[in-house]
Amino acid sequence: MESMLTEPYMQRALLIAVLLAPLCGVLGVFVTARRMSFFSETVAHGSLAGVAIGLALGIDTSWPILGVSLVVALLVLWLRENTDLLTDTIMALLMSGFMAAGVVGFSKLRGFRGELHRYLFGDILSVGWPDVALAGVVCGFVLVFLVGRLSPMALMTLSEDLAHVSGTSVRRLNLVFVVLLTLTVALSIRLLGIILVTSLLVIPPATARNVASTLRQELLLSLVCGLLSGILGVVASYQFDLPCGPAIVLTAVGLFLVSLGARFLRRPPRPSARP
Amino acid sequence: MASIRFHREGLALEVRGLRVSLGETEVLRGIDLHVPKGRIVAVIGPNGSGKTTLLRCLLGLQKPSAGEIRIFGQPLGPKVLGRVGYVPQRLALDRSFLLSVREFLALRLRETRHWIWWRRSTLDLHLRGLLPGHDLGPLLDRPVAGLSGGQLQRVLVAFSLIGSPELLLLDEPTAGVDAPGEQSFYELIASVHRERQLSVVLVSHDLSMVYRHACRVYALNGVICCEGTPEEVMNADSLRQAYGMHFTPYHHDHGPGHHHHPGGGC
């Protein structure tokens, strides 16, 4: 355990987990209630094109990942406002288009085939200090946003019309939320990988809902579940030589199962009405 | 001119020449509507007549293609919306969002904006007396998404009254509420109106409740087909214009002062 903490790459991985995993838990409460899970999938998958661009240019992939993720997110919003296409259609189109571009890019790059796996499923070795610094900045922004705008955010989640009448600029608040969510997802790809990053936005809120009865409890429990999943997953990844993303996700699933048990102990499932 | 200004000063809401197009269809064509201060005015009309579009314009949620909306003499904007309360049609609530009634009400109270850090008992002190004569206490711990139709509408009225609005806009507020719940809802609105001298715009297709509570009625079907007192508008000829040729209104008493309309012809 001690040697684990003295390894610089583990320090970086644990730090980024402590910064981003609870953030995913809290943002996930709004993401799931607003049915935006597919949006984060779209952003994450689309960012593969950013990975390919970064590798082709020989630069740190964090910046192109962030850039392409933001482009995908803003394109979703723009197409939703300016076309008659269904949001699902727009997201499927962008997700497959950008991911295909990323795969084509990888196929043309020599010597990076092995890299694909670590971007798809996460790798604690791939976290650099610039990633930790970026995660710290994004974490700060999200905290300021949540502390200052929690009430309008909760109201907008319940009803955009009520939020508007209560004096909230729904369009602006939605844009800020989407940008912060995109940045969080893009940075979390290092740990969780493109395929699994959405799970940390979905599983901790689902775990919290099994035992919480108010939004405050849901937010707090989701934050704690995210944090525990992140830390325990990184440690398991080190100890058992597991890919980092799946280790974090399996920890989150374990916590979900515990909460499900607690829920059924408190409120046994109702017998089916059907014979 | 002086008389016009005096007239305008007595208005909570003034709509002039309002036109709204949704795609290729012009759903509202030259709407003029006036709501005197302290009165309940109803807008009735069949489904698809543009009632909800009109209300969305009044709330600044829908941009009109022409016309003017003034609330208390001021053009529609964020500042004047602060004087407006809104009770929406049935909310499509996601049961997985665990916002409790206590938290929901705290969202709009200026003093409790940072409710997440507050103790429950302190929040309750601020929420006490939001809806005079109606104890919301038993509902405060319940999730908003788990309330029955009638309970949810009561909570939404309490929410809309936060900040002491002077104009209340109600959009089909009893859609999906059972008959007793509907009656108690309108009694609540009537008592709030009496106590606070609020101006109220009630958008509804429920003719019997409109008949009982509104002082002026506008019948809408893309245009204002007719307007006047409930007695004037509820005559068959006027309503036939709004609701189409097959409309047959009739009232029968269930008790003192209670009129019921089956609505089957709408």
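Keep in mind the model is a prediction, meaning the values are calculated, not measured. (Residues numbered from 1 in each chain as written. Chains lettered and ligands numbered in written order. Predicted model: local features only at pLDDT ≥ 70, side-chain atom pairs only at ≥ 80, totals over all residues.)

Draft legend 1. Quick look at the overall build of chain B. For chain B, the helix and strand inventory stands at 10 helices and 12 strands. Buried positions account for 37% of the 266 residues belonging to chain B. In chain B, the proportion of contacts linking residues at least 24 apart, taken out of those at least 6 apart, comes to 64%. (Helix = DSSP H or I, 4+ residues; strand = E, 2+ residues; numbered from the N terminus. Buried ≥ 20, exposed ≤ 12 C-beta atoms within 10 Å, placed from the backbone. Contact = placed C-beta atoms within 7 Å.)

Draft legend 2. Fine view of helix H10 (residues 170–192) of chain A. Taking 1.5 Å per residue, 23 residues should reach 33 Å; H10(A) reaches 31 Å between its end C-alpha atoms and fits that length. Positioned one or two residues after H10(A), Gly193(A) has a phi angle of 85 degrees, which is positive. (Expected span 1.5 Å × (residues − 1).)

Draft legend 3. How the structure looks around the interface of chain A and chain B. Counting from both sides, the interface comprises 22 residues of chain A and, opposite them, 22 residues of chain B. For the side of chain A that touches chain B, the secondary structure elements donating two or more residues are helix H2 (8–33), helix H8 (129–158), helix H9 (160–165) and helix H12 (215–239) of chain A. Per-class residue counts for the side of chain A that touches chain B are nine nonpolar, nine polar and four charged. (Nonpolar A, V, L, I, M, F, W, Y, C, P; charged D, E, K, R; others polar.)

Draft legend 4. View of unusual backbone geometry. Residue and element names in this part refer to chain B. In this model, Ser164 sits at a positive phi of 50 degrees, which is unusual for a non-glycine residue. Assignment of secondary structure puts Ser164 in the loop between helix H6 (149–161) and strand S7 (167–171). Look at Gln197: it is not a glycine, yet its phi comes out positive at around 55 degrees.

Draft legend 5. Structural context of the packing of H6(B) against helix H7 (residues 179–196) of chain B. All names here are of chain B. H7 packs onto H6 with a crossing angle of 15 degrees between their chain directions and a minimal axis gap of 9 Å. Looking at the two axes, H6 sits roughly parallel to H7. In terms of crossing hand, the pair formed by H6 and H7 is right-handed. In this structure, H6 contributes Gly149, Gly150, Gln153, Arg154, Val157 and Leu161 to the contact, and H7 contributes Gly181, Ser184, Phe185, Leu188 and Val192. Taken together, the residues of the contact of H6 with H7 break down into five nonpolar, five polar and one charged. (Axes fitted to C-alpha atoms, helices over the stretch in contact; angles between N-to-C directions. Parallel < 35°, antiparallel > 145°, perpendicular 65-115°, else oblique. Left-handed = near helix turned anticlockwise from the far one by under 90°.)

Draft legend 6. Region of interest: the sheet that holds strand S6 (residues 84–87) of chain B. Residue and element names in this part refer to chain B. What the six strands build is an open sheet, ordered S6-S7-S8-S3-S9-S10; its pairing is mixed. The sheet is open, and its two borders are formed by S6 and strand S10 (224–228), each paired with just one other strand. Averaged over all adjacent pairs, the angle separating strand axes in this sheet is 15 degrees, with direction ignored. Across five bridges, strand S3 (residues 40–44) lies against strand S8 (residues 199–204) in parallel orientation. Across the sheet, residue Val43 finds its bridge partner in S8, namely Val203. Contacts between H6 and the sheet are confined to S6 and S7, with S6 contributing the most and set at about 170 degrees to the helix. (Pairing = 2+ DSSP bridges.)

Draft legend 7. Spatial organisation of the pairing of S7(B). Residue and element names in this part refer to chain B. With respect to burial, S7 is a largely interior element, five of its five residues being buried. By the alternation rule, side chains of S7 split into Leu167, Leu169 and Asp171 and Leu168 and Leu170, which are all buried. The pairing of S6 with S7 spans four bridges and is classified as parallel. Looking at the pairing, Val84 lines up with Leu167 of S7. Taken together, S7, H7 and S8 constitute a β-α-β crossover, and its handedness is right-handed. (Right-handed = clockwise from strand over helix to strand, strands pointing away.)

Draft legend 8. Region of the structure containing the environment of Ser159(A). Its location among the elements puts Ser159(A) in the loop between H8 and H9. Accessibility expressed as a C-beta count within 10 Å gives 19 for Ser159(A), which makes it partly exposed. For the pair formed by Ser159(A) and Gly102(A), sequence separation is 57 residues and the distance between their alpha carbons is 37 Å. If sequence neighbours within four positions are ignored, Ser159(A) has contacts with Pro88(B) and Leu91(B).

Draft legend 9. Fine view of the environment of Tyr218(B). Residues and elements named next belong to chain B. You can see Tyr218 is positioned in strand S9 (residues 216–220). Remark: the alpha-carbon pair of Tyr218 and Ile44, spanning 174 residues in sequence, is separated by 6.2 Å. Among all residues touching Tyr218, those that are not within four sequence positions of it are Leu33, Val43, Ile224 and Glu227.

Draft legend 10. Broad picture of helix H3 (residues 37–46) of chain A. For H3(A), a buried count of eight out of 10 residues is recorded, marking the element as mostly surrounded by other parts of the structure. Along its buried surface, H3(A) packs onto H2, helix H4 (48–57), helix H5 (62–82), helix H6 (87–108), H10 and helix H11 (199–211) of chain A.

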